[in-house]
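The primary structure of each chain is shown beneath.
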Amino acid sequence: MSRSSVGRNDPCPCGSGKKYKHCCLRKDRRRGVRVRTEPVHAQSQGDLASAAAQLRRMMREVDRRGQTDEAQELDQLIEEAGEWIAFDAMRDEIDAAMETLEEHRSEFEAMIRGDEVVDRTQRTFSDERFARWWFTAEDVYRAFEAVGYPEGPIEAQGNVELAEAALSYLVDEKQRTHLARQLLMLLPEYVNAGRYLDAWLIQFSAFQMTEVPERTNPFLFMMFYHGYQEWEAELENQRRKAMREIGLDPDEIWASNPSLEEVEARVQAVLQDPEKRARMEAAQEKYAMLASQTGAEMWEWQRNTLRLLLDREDAAHLQLSDEEMEPWIPVLEEQIAPIAVETERALAEGREADPSITEAVSRNVRATSKEMAAQIFTPERVAQLVEELQAYRNDLEAAQEHQAATYVHGAILSLKEDIDPGEEPLLTVICLASIRTLLDRSPEEAQAAPE
């Protein structure tokens, strides 16, 4: 029986009489990591040294010819060859360190199950010796631009998938294999120093990078987290600079702990001053990292605001009145009628309703909601809505619902600019919410509505 076909609970092929998982499985896994990290053609340290020497000769020739791109590529190959030589020379030490760590497996597994793992991971990989692998603010910025920005801190539970996507963007499988070798070369030092749990974290991360390269691991997450902290610091730095460039003192503003109304007043003062507004627009172009993050925050802010207005019962008073809805009822009834016809037909024929009909009706209703917004929300009606939103925000603040109040405040700011009502998502959502309320009414409620 080949080892690749042995199950965890099968007898170990070595003949010890133990189950494979309690005998040679761990050793074979370690061997598997070494096999996956060996170069295809390098059979010995001598071969590697010869290959490196040949690459250096090629490097000198390329330098002589002045071919920069080729020189950089060969320089990278030489570096990799040197790493292979160093790794090959340490194999026996690495194997011995791994054997020693097996004696401390139960301690590591207990740590993984407990609360200590987070603090130890931070302490271990925040050591200066790992600084050469820390990502930079620019790395994190590039990743977020590619995969999206987090909602809240990156370490929050809901951002795990985003962190994995960012790391996949920054570190491909080949780079992870390289990092795994680098980490394994640290094991002897940590084991000899008696730092067994730190060594286990290092070994675990190395194995994760070769066995499940699509997933994050303690080492990679902390390398990313250092860049994330640097990115946050740079955002704060750019934010303060931008505020000063439009004549605002960030220290004075934050020390005064302004209310949302005071923040709104300051923003409007900037927007209404042509010179300050021009400086603000120039700052947005100058500080690209801040502009991108602000744009992502505004999008997330808007999404949460729309969800709040759709789902909260105490936001129902912001919907359209019966008088505003009345002219649109015949249009909506005509658009929605196909769903009732299809549902009745599907029941009679004993099948599921055709989803394409529902999708078509949904598209039509969304288009109608934009038409409604364009016609109903005149400048005067928008001003009325702003007053209603301000009162709603103040009520939420008084109820200590600060996050919801912040979302409503964002809605107010979105209506302060020159807007096209038919293209403003907030107004479209108010129309959609009003349509949903109309459809949810019972026949008795519909009859009771004012004419």
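Everything numeric here is computed off the predicted structure, so don't read it as measured data.

Caption draft 1: Geometry of the overall build of the protein chain. Along the protein chain, the regular secondary structure elements total 23 helices and zero strands. Residue pairs at least 24 apart in sequence account for 69% of intrachain contacts in the protein chain once pairs closer than 6 positions are excluded. Carbon and sulfur atoms form 50% of the exposed surface of the protein chain, whose accessible area is close to 25,500 Å².

Caption draft 2: Representation of helix α5 (residues 105-113) in the model. Every buried residue of α5 is listed here: Arg105, Phe108 and Met111. The buried residues of α5 occupy an angular sector of 125 degrees when the element is viewed end-on, so they sit on one face. Away from its buried face by more than 90 degrees, α5 exposes Ser106 and Arg113.

Caption draft 3: The pattern of salt bridges, seen in detail. Taken as a whole, this structure holds 19 salt bridges when the rule is applied. The shortest N-O distance in the salt bridge between Glu324 and Arg381 comes to 2.6 Å. Within this pair, whereas Glu324 is found in helix α17 (residues 322-325), its partner Arg381 is found in helix α20 (residues 379-398), the two being separated by 57 residues in sequence. Just as Glu324 is buried, Arg381 falls in that class too. Salt bridges here are not isolated pairs; linked through shared partners, they connect Glu236, Arg239, Arg240, Arg244 and Asp251.

Caption draft 4: Looking closely at unusual backbone geometry. Residue Gln400 is not a glycine yet carries a positive backbone phi of 65 degrees. By secondary structure assignment, the location of Gln400 is in the loop between α20 and α21 (402-414). Under the relative-accessibility criterion, Gln400 is labelled exposed at 57%.

Caption draft 5: Local environment of the confidence of the model for the protein chain. Scored by pLDDT, the protein chain has a mean of 80; 79% of the residues are at 70 or more. By mean pLDDT, the top-scoring element of the protein chain is helix α10 (residues 187-192) (95), and the lowest-scoring one is helix α23 (residues 443-448) (47). Here residues 30-45 scores under 50 on pLDDT; set against residues more than four positions off or in separate chains, the count is 28 contacts. Low pLDDT (under 50) marks residues 442-451, which in the prediction has seven contacts with non-local residues, meaning those over four places away or in another chain.

Caption draft 6: Here's a closer look at helix α9 (residues 173-184). Between its terminal C-alpha atoms α9 stretches 17 Å, which fits the 16 Å expected from 12 residues at 1.5 Å a residue. For α9, the full list of buried residues reads Arg176, Thr177, Leu179, Ala180, Arg181, Gln182, Leu183 and Leu184. Where α9 begins, one side-chain oxygen reaches toward the backbone nitrogen of Lys174, 3.2 Å away; that side chain belongs to Asp172.

Caption draft 7: How the structure looks around the nonpolar core. Counting residues in hydrophobic clusters, the biggest one holds 57 residues, and the most contacted among them are Phe130, Phe144, Leu183, Phe219, Phe224 and Trp231. By residue number, the principal contributor to this core is helix α12 (residues 218-245), which donates 10 residues. Contact partners of Trp231, with chain neighbours within four places excluded, come to Ala137, Val140, Tyr141, Phe144, Tyr149, Met289 and Gln293. Membership of the second largest hydrophobic core comes to 36 residues, among which are Leu318, Leu320, Ala373 and Val408.

Caption draft 8: Just the packing of helix α7 (residues 137-147) against helix α8 (residues 160-170), in detail. Between α7 and α8, the least distance of the axes is 9 Å, while the angle of their chain directions is 110 degrees. With respect to their mutual orientation, α7 and α8 come out roughly perpendicular. For the pair α7 and α8, the sense of crossing is right-handed. Between α7 and α8, the contacting residues are Asp139, Arg142, Ala143, Phe144, Ala146 and Val147 on the first element and Leu162, Ala165, Ala166, Tyr169 and Leu170 on the second. A breakdown of the residues in the contact of α7 with α8 according to their chemical character gives nine nonpolar, no polar and two charged.

Caption draft 9: How the structure looks around the layout of surface pockets. A volume near 1,900 Å³ is recorded for the largest pocket. In terms of lining residues, the largest pocket is bounded by 47 residues, among which Arg239, Thr294, Glu297, Met298 and Trp301 are the most central. Looking at the lining of the largest pocket, the elements with two or more residues in it are α12, α13 (250-255), α14 (260-272), α15 (274-286), α16 (288-311) and α21. With 11 residues, the top contributor of residues to the lining of the largest pocket is α16.

Caption draft 10: Expanded view of the packing of aromatic side chains. All told, the structure shown has 16 aromatic pairs when counted by the stated rule. Judged by centre distance (4.8 Å) and plane angle (10 degrees), the rings of Phe108 and Trp200 are stacked. Placement of Phe108 in helix α5 and of Trp200 in helix α11 (residues 196-211) is noted, with a sequence separation of 92 residues between them. Taking 6.1 Å as the distance between ring centres and 15 degrees as the angle between the ring planes, the aromatic pair formed by Phe221 and Tyr225 counts as stacked. Here the residue Phe221 and the residue Tyr225 both occupy positions in helix α12, the gap between them amounting to four residues, near one helical turn. Three or more aromatic residues joined by ring pairs form one cluster here, namely Phe135, Phe144, Tyr149, Phe221, Phe224, Tyr225, Tyr228 and Trp231.

Cut-off values and rules
Residues numbered from 1 in each chain as written. Predicted model: local features only at pLDDT ≥ 70, side-chain atom pairs only at ≥ 80, totals over all residues. Heavy atoms only, no water. Helix = DSSP H or I, 4+ residues; strand = E, 2+ residues; numbered from the N terminus. Contact = heavy atoms within 4.5 Å. Areas by Shrake-Rupley, 256 points an atom, 1.4 Å probe, with all protein chains shown as cover. Buried < 20%, exposed > 50% of the residue type's maximum accessible area, 1.4 Å probe, protein only. Arc of directions from axis to C-beta. Salt bridge = Lys/Arg side-chain N within 4 Å of Asp/Glu carboxyl O. pLDDT = per-residue confidence, 0-100. Expected span 1.5 Å × (residues − 1). Polar contact = N/O pair within 3.5 Å; in protein donor to acceptor, adjacent residues only side chain to side chain. Core = buried A, V, L, I, M, F, W, Y, C linked by side-chain atoms within 4.5 Å. Axes fitted to C-alpha atoms, helices over the stretch in contact; angles between N-to-C directions. Parallel < 35°, antiparallel > 145°, perpendicular 65-115°, else oblique. Left-handed = near helix turned anticlockwise from the far one by under 90°. Nonpolar A, V, L, I, M, F, W, Y, C, P; charged D, E, K, R; others polar. 1 Å grid on protein atoms, 1.4 Å probe; cavity = no way out; pocket = protein on both sides within 12 Å on 5 of 7 lines; lining within 4 Å. Points joined across faces, edges and corners; volume = space filled by probe spheres on them. Phe/Tyr/Trp six-rings, centres within 6.5 Å; stacked < 30°, edge-to-face > 60°.

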